[in-house]
Amino acid sequence: TKEKKRHMGDTKHFCPVSLKENFVLHPGLYEHAAKYQEKIYYFSTSEHKDKFLKNPEEYVAHNEPIQAPPLRVCLLGTHGAGKTTCARQIADKLGIFHIQFEEYLQELILPKTKEKVGPDYDEEPEEDYNTMPILSQEVDDFSQTMTKTETEKSKQEVELTDEEEAIKANLMDSEALPPEVLDNIVLDWWKKEPFRSTGFILDGFPRTLHEAQYLSEQGLCPDVVVYIQVEESDILDRLFPPRLKKWKERQYKKMENKKKLKDLKAKIRV
């Protein structure tokens, strides 16, 4: 074991080309190994091996050890497992960024949608009193004009780009995000400042096999992946009370609206 450690390259079992070019610790493969100055280096791909052999001095240590990238953590778990609470605490303690993936997606389209979208934010439609046929013709005309204006304004505000439509479909119906959309979102956290030199804990990503494969194909290797496993009963105890409270508030509001409608009808009949 000591012999193997002594003869391994400066980046140990990580690919020196991925570290130099992308600042990512990407594990090398035994089938892509090369020997330079009596040390063995392992590479993530054959292309990286060829790059190294063409100019090895660019990828090895000289006067000081090669700098390792900052910590990158993926925190996974089912909805309600407490990922965000844990991620905030870890980020504060380690001095790294906390990225809540779905919240980040919401922020990308919020300027257009004006409100958060998805199953957790769906509201029951309220009664539209302007469509009541019991008011005078003038009020009815005014109501129709205002409704038309508001509809046109709403349409203008919610004209989304193809990327924004894909993000909305993901939030609403869990449609897979295309690779080109993920490129515009995820790559920056590994490759651009301030994330590149500070590190981060990515809360709730990857969520699917498709997204995990994307990370693998792009060579975006987290240093740590933590999966929080929680009993279903604990999740139910955590999520059910606030959802029940929200449902009760909706029902109360609905009853109040019905009462107002009944009082309005009675007032007009008189």
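This text follows the structure it describes.
Here the structure is a predicted model, which is why all the values come from computation and not from measurement.

Here is what the cut-offs are and how they apply
Residues numbered from 1 in each chain as written. Predicted model: local features only at pLDDT ≥ 70, side-chain atom pairs only at ≥ 80, totals over all residues. Heavy atoms only, no water. Core = buried A, V, L, I, M, F, W, Y, C linked by side-chain atoms within 4.5 Å. Buried < 20%, exposed > 50% of the residue type's maximum accessible area, 1.4 Å probe, protein only. Helix = DSSP H or I, 4+ residues; strand = E, 2+ residues; numbered from the N terminus. Contact = heavy atoms within 4.5 Å. Axes fitted to C-alpha atoms, helices over the stretch in contact; angles between N-to-C directions. Parallel < 35°, antiparallel > 145°, perpendicular 65-115°, else oblique. Left-handed = near helix turned anticlockwise from the far one by under 90°. Nonpolar A, V, L, I, M, F, W, Y, C, P; charged D, E, K, R; others polar. Salt bridge = Lys/Arg side-chain N within 4 Å of Asp/Glu carboxyl O.

(A) Quick peek at the nonpolar core. By size, the foremost hydrophobic cluster in this structure holds 26 residues, and its most contacted members are Phe-101, Ile-167, Ile-185, Val-186, Trp-189, Trp-190 and Leu-202. Contributing elements (two or more residues each) for this core: α5 (101-113), α7 (162-173), α8 (179-191), β5 (200-203) and α10 (209-218). The element best represented in this core is α8, accounting for 7 residues. Apart from residues no more than four positions distant in its own chain, Leu-202 is found in contact with Val-73, Cys-74, Leu-75, Ile-99, Trp-189 and Trp-190. Of all hydrophobic cores here, the second largest spans 9 residues; its members include Cys-15, Val-17, Tyr-41 and Val-60.

(B) Representation of the packing of α8 against α10 in the model. Their axes nearest at 11 Å, the elements α8 and α10 cross at an angle of 60°. Here α8 lies oblique to α10, going by the angle between them. Along this stretch, α8 crosses α10, giving a crossing that reads as right-handed. Within the contact between the two elements, α8 uses Pro-179, Leu-182, Asp-183, Val-186, Leu-187 and Trp-190 and α10 uses His-210, Tyr-214, Leu-215 and Gln-218. Looking at side-chain class alone, the contact of α8 with α10 contains 7 nonpolar, 2 polar and 1 charged residues.

(C) Representation of the pattern of salt bridges. Overall, the coordinates contain 9 salt bridges when judged by the stated rule. A salt bridge links Lys-51 to Glu-21; the nearest nitrogen and oxygen atoms lie 3.1 Å apart. Of this pair, Lys-51 sits in helix α3 (residues 46-54) while Glu-21 is found in helix α2 (residues 16-22), placing the two residues 30 residues apart along the sequence. Residue Lys-51 is classed as partly exposed on the basis of its relative accessible area of 38%. Lys-35 is the salt-bridge partner of Glu-38, the closest N and O atoms lying 3.7 Å from each other. The exposure class of Lys-35 is exposed, given its relative accessible area of 58%. One continuous salt-bridge network, built from bridges that share partners, spans Glu-102, Arg-207 and Glu-211.

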